[in-house]
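One-letter residues, chain by chain:
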Amino acid sequence: MSMFNTGDILETIEMFTQDNLDVRTVTMGISLLDCIDPDPKKACENIYNKITTKAANLVSTVEHISAEYGIPIINKRISVTPIAMLLGACPEADPVDFAKTLDAAGKKVGVNFVGGYSALVHKGFSAGDRRLIESIPRALAETDIVCSSVNIGATKAGLNMDAIKLMGEAVKKASELTADRQCIGAAKLVVFCNAPEDNPFMAGAFHGPGEPDCEIHVGVSGPGAVRAALARLPKDAPIDEVAELVKRTAFKITRVGQLVANEASKRLNIPFGIVDLSLAPTPAVGDSVAHILEEMGLEQCGACGTTAALALLIWCYVRIFSRKVAARSEENRKYLSYRNRFFGSFRLLKSCFRQRKDYAFFRCPSCREVVRVPRGKGKIRITCPRCGYAFEKKT
């Protein structure tokens, strides 16, 4: 059986042509742990060779997929193991040499950005972390496509206040060193809490130590498609219908990303990692989260209810991408049960009111089932069709 039908295909084409849907990035994650060497020159050589070998066909393959399926794929990117992990073995190395190596390798294979000039310091500094952080402004100023990120906090570990101080200084200095280029240095730098190891989006992408040697991630941008779907709902639609529509639309968008990821994985013979749905805006008018919230019923983004609407939107997205399928299915079952019980009581009251002239309605004393009997029969004995309990009532 085909996983697509004509309606899905036509709706997806409309998303591409009218709603600014695109695949924002195909990102190849590459582990550099096997490139570690005490000799900085040898380490940089290993890094260059591995990236240019693994990603040699990335750009051409993605462009062929885009042309074959008619799917706009905007960026081709690479994420690598946090460079601070490699610096620990090279105490005398200049970290910027590693950034320049990433820049040269990325340009060689033709990608738009390389992420991974990073450090994970949410629980403290290890060998190489502080040196990398202090070198970030210069590294971003002296390279073109290298992006940097630092994870300075986590829910369980709290915040590394020393790292926060260092990163504040790094952001300021990166802006100063690239002031003649619209402060592009700061634009290529992300400061994280709870950084995901498989994020495909720049500037925060890096290939976590728990990831495989190489994998393919896809990032899809869909605010415009979600906004357009909400625009087709009646303005007085109940909130549960709004939530359900957001979930359905987001699911359809991710199907596009899954198609691209599966094709890229098969053609490059590299495992498929994740599909990530972005809410980041594009330059197109209406393609932003603010417009989604206004379509959900807000008079204006920032007015009363903005936080609640945003929380609902984020909740829908988080539940869609949860890997705990059994838990999410149980939550959905419970939600549908409560929802049907709540709205079912209103439907019952409405039905009873419409039939009140011809029928009398009684609740079974045993099981609380509503029983309908004809009016005008006097005192009768009623047997509950659900539990069999008999009771007398006057009609």
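Not measured: the values here are computed from a predicted model.

How each quantity is defined
One numbering rule holds for all chains: residues counted from 1, following each sequence as written. Residue-level local features of this predicted model are given only where pLDDT is at least 70; pairs of side-chain atoms are given and counted only at 80 or more, and the full residue set underlies all totals for whole chains, interfaces and linings. With hydrogens and water stripped out, all remaining heavy atoms of the structure feed into the side-chain values. Going along the chain from the N terminus, every DSSP run of H or I of four or more residues is numbered as a helix, and every run of E of two or more is numbered as a strand. Working definition: with a 1.4 Å probe on protein chains only, accessible area under 20% of the residue-type maximum means buried, over 50% means exposed, and in between means partly exposed. Only the protein chains shown count as cover for residues, with accessible areas throughout obtained via the Shrake-Rupley method and a probe of 1.4 Å. Buried Ala, Val, Leu, Ile, Met, Phe, Trp, Tyr and Cys residues form a nonpolar core when they are joined through side-chain atoms within 4.5 Å. Contacts between residues were defined by any pair of non-hydrogen atoms, one from each residue, lying within 4.5 Å. Within 3.5 Å is the distance limit for a polar contact, defined as a pair of N or O atoms, with the added protein rule that one can donate a hydrogen and the other accept it, and that residues adjacent in sequence qualify only through two side-chain atoms. The salt bridge criterion pairs a side-chain nitrogen of Lys or Arg with a carboxyl oxygen of Asp or Glu, the two atoms within 4 Å. Any two of the Phe, Tyr and Trp rings considered here, Trp counted by its six-membered ring, make a pair once their centres fall within 6.5 Å; the pair's planes then place it as stacked at under 30 degrees, edge-to-face at over 60, or tilted in between. Think of it as a cone above the ring: NZ of Lys or CZ of Arg counts as a charge over the ring if it is within 6 Å of the ring centre and within 35 degrees of the ring normal. What a helix should span is 1.5 Å times the count of its residues minus one. Only the contacting stretch of a helix is used when fitting its axis, a line to C-alpha atoms as for every element, and angles between N-to-C directions run 0 to 180 degrees. Between 65 and 115 degrees an angle is taken as roughly perpendicular, under 35 as roughly parallel, over 145 as roughly antiparallel, and anywhere else as oblique. By definition, turning the near helix anticlockwise from the far helix through less than a right angle yields a left-handed crossing, and turning it clockwise yields a right-handed one. Two axes enter the definition of the bend at a residue: one is fitted to the seven residues ending there, the other to the seven starting there, and the bend is the angle between them.

**Q** If you had to explain the overall build of the protein chain to someone new, which residues and values would you point to?
**A** The number of helices and strands found in the protein chain is 13 helices and 12 strands. The 395 residues of the protein chain split such that 45% are buried. For the protein chain, the computed accessible surface area is about 20,500 Å², with 54% contributed by carbon and sulfur atoms.

**Q** Tell me what's going on with the nonpolar core, and back it up with residues and numbers.
**A** Residues Leu32, Leu58, Ile78 and Phe98 are the most contacted members of the largest nonpolar core, which totals 72 residues. Top element by residues in this core is helix 10 (residues 239-268). It accounts for 10 residues. When near neighbours in sequence (up to four residues on either side) are disregarded, Phe98 contacts Ala43, Cys44, Ile47, Ile83, Leu86, Leu87, Cys90 and Ala93. Grouped together as the second largest cluster of nonpolar side chains are 8 residues, Ala360, Val371, Ile382 and Cys384 included.

**Q** Let's hear about the side chain of Thr178: which residues, and what values?
**A** Tracing the backbone through its elements, the reader meets Thr178 in the loop between helix 7 (161-177) and helix 8 (184-187). In terms of polar contacts, Thr178 uses its side chain to reach the backbone amide nitrogen of Ile184, at 3.4 Å. Residues in contact with Thr178, not counting those within four places in the same chain, are Ala141, Cys183, Ile184, Gly185 and Ala186.

**Q** Residue-level account of the pattern of salt bridges, with values.
**A** Inspection of every chain in the model, using the stated rule, returns 16 salt bridges. The salt bridge partner of Lys107 is Asp144, with a shortest N-O separation of 2.6 Å. Linking Lys107 in helix 5 (residues 95-109) with Asp144 in the loop between helix 6 (129-141) and strand 4 (146-154), this pair joins segments that are 37 residues apart in sequence. We classify Asp144 as partly exposed; its relative accessible area is 45%. Linked through salt bridges whose partners overlap, the residues forming this network are Asp34, Lys50, Lys54 and Asp213.

**Q** Give a detailed account of the packing of aromatic side chains, specifying residues and quantitative values.
**A** In the structure shown here, the tally under the stated rule is 1 aromatic pair. Measuring from ring centre to ring centre gives 6.4 Å for Tyr389 and Phe391, while their planes differ by 20°; the resulting arrangement is stacked. Note on Tyr389: relative accessible area 39%, which makes it partly exposed. Phe391 gets classed as buried once you look at its relative accessible area, which sits at 6%. Of note, Arg130 hangs over the ring of Phe125, and the distance from its end group to the ring centre comes to 4.2 Å. The ring of Tyr359 is capped by Arg372, whose NZ or CZ atom sits 4.0 Å from the centre of that ring.

**Q** Describe unusual backbone geometry, with residues and values.
**A** A positive phi angle, close to 55°, is found at Asn194, a residue other than glycine. Within the chain, Asn269 stands out as a residue other than glycine whose phi angle is a positive 55°. Take Asn269: it is sitting in the loop between helix 10 and strand 8 (272-278).

**Q** Would you mind going over helix 5 in detail, with residue names and values included?
**A** Here helix 5 spans 22 Å end to end across 15 residues, near enough to the 21 Å set by a 1.5 Å rise per residue. Taken together, the buried positions of helix 5 are Pro95, Val96, Phe98, Ala99, Thr101, Leu102, Asp103, Ala105, Gly106 and Val109. Residue Gly110 follows helix 5 closely and has a positive phi angle near 90°.

**Q** Talk me through the packing of helix 5 against helix 6; I want residue IDs and the actual numbers.
**A** The packing of two helices is summarised by the inter-axis angle and the distance between the axes. Between helix 5 and helix 6, the shortest axis-to-axis distance is 9 Å and the interhelical angle comes to 55°. As summarised for this structure, helix 5 and helix 6 are arranged oblique, according to the angle between their axes. As for the relative orientation of helix 5 and helix 6, their crossing is right-handed in sense. On helix 6, the residues that touch Pro95, Val96 and Ala99 of helix 5 are Arg131, Leu132, Ser135, Arg138 and Ala139.

**Q** So what about helix 6? Which residues, and what values?
**A** Because an α-helix packs 3.6 residues into every turn, residues spaced three or four apart end up facing the same way. End to end, helix 6 covers 19 Å across 13 residues, agreeing with the expected 18 Å (1.5 Å per residue, within 8%). Roughly 50° is the biggest bend found in helix 6, and it falls at Ser135, with proline Pro137 one to four residues downstream. Of all the residues in helix 6, the buried ones are Asp129, Leu132, Ile133, Ser135, Ile136, Pro137, Ala139, Leu140 and Ala141.

**Q** So what about the environment of Val59? Which residues, and what values?
**A** With respect to the secondary-structure elements, Val59 resides in helix 3 (residues 58-69). By relative accessible area, Val59 is classed as buried at 12%. In sequence terms Val59 and Lys76 are 17 residues apart; their C-alpha atoms lie 6.2 Å from each other. Contact partners of Val59, with chain neighbours within four places excluded, come to Lys76, Val109, Gly110 and Val111.

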